[in-house]
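Reading the structure
Chain by chain, the residues run as shown.
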Amino acid sequence: MTDPIADYLTRLRNAIMANHRVVEVPASNLKKEITKILFDKGYILNYKFIEDGPQGTIKVALKYNPVTRQNAIKGLKRVSTPGLRKYTGYKDMPRVINGLGIAIISTSQGVMTDKEAADLKIGGEVLCYVY
């Protein structure tokens, strides 16, 4: 697999399209950090790290509106790919849907959202957009 982050986002996207409640993805440290950010920002209901074998898995419980059955995640877009990396400085952080969505940035101080990176005045690699 050349791009595990794109695979992670695609598994989430496919589970949302199929109206699944829970999706399992192979774990890595970067995927764990992205999952924590999605939980903190309210895009997913819950998550659980399962340590089985050398790699482990992440169980993600997706969040739906109880009345309209709409998912909290409207879109997931991979920005920086292995073939074309996208970096940004803190002065020109990307704005996702005019500030309604988040951009997940990998910085020298860890994985964080665009707003947190701008507050700390650090740039990094733009991993994905979530809205």
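Our structure's up above, just so we're on the same page.
I will try to describe carefully the structure that is included in this document. (Residues numbered from 1 in each chain as written. Predicted model: local features only at pLDDT ≥ 70, side-chain atom pairs only at ≥ 80, totals over all residues. Heavy atoms only, no water.)

1. Here's the deal with helix α2 (residues 29-40)
- In this model α2 runs 17 Å from its N-terminal to its C-terminal C-alpha over 12 residues, within 8% of the 16 Å that 1.5 Å per residue would give.
- Of the positions making up α2, those classed as buried are Lys-31, Lys-32, Ile-34, Thr-35, Ile-37 and Leu-38.
- In the segment just after α2, Gly-42 is the residue with positive phi, at about 85°. (Helix = DSSP H or I, 4+ residues; strand = E, 2+ residues; numbered from the N terminus. Expected span 1.5 Å × (residues − 1). Buried < 20%, exposed > 50% of the residue type's maximum accessible area, 1.4 Å probe, protein only.)

2. Regarding the side chain of Glu-125
- Inspection of the secondary structure puts Glu-125 in strand β8 (residues 124-130).
- If we skip the residues at most four places from it in the chain, Glu-125 touches Ser-80, Arg-85, Lys-86, Tyr-87, Ile-104, Ile-105 and Ser-106. (Contact = heavy atoms within 4.5 Å.)

3. Quick notes on the pairing of strand β2 (residues 44-50)
- For β2 and strand β3 (residues 57-62), the ladder comprises 6 bridges, and the chain directions are antiparallel. Residue Ile-44 lies in a different strand from β3, and its bridge partner there is Leu-62.
- Here β2 folds back onto β3, and the loop between the two strands holds 6 residues, one of which, Gly-53, carries a positive phi near 80°. (Pairing = 2+ DSSP bridges.)

4. Points about the pattern of salt bridges
- Applying the stated criterion across every chain, the model contains 7 salt bridges.
- When the shortest N-O distance is used, the salt bridge between Asp-3 and Arg-78 registers 3.0 Å. In this pair, Asp-3 is assigned in the segment before α1 (4-17) and Arg-78 in strand β4 (residues 76-78), connecting sequence segments 75 residues apart.
- The class of Arg-78 is buried, set by a relative accessible area of 16%.
- Glu-33 is the partner of Lys-36 in a salt bridge, and the nearest nitrogen-oxygen pair spans 3.7 Å. Separated by 3 residues within a single helix, Lys-36 and Glu-33 lie in helix α2, roughly one turn from each other.
- Taking the relative accessible area as the measure of exposure, Lys-36 reaches 31% and is therefore partly exposed. (Salt bridge = Lys/Arg side-chain N within 4 Å of Asp/Glu carboxyl O.)

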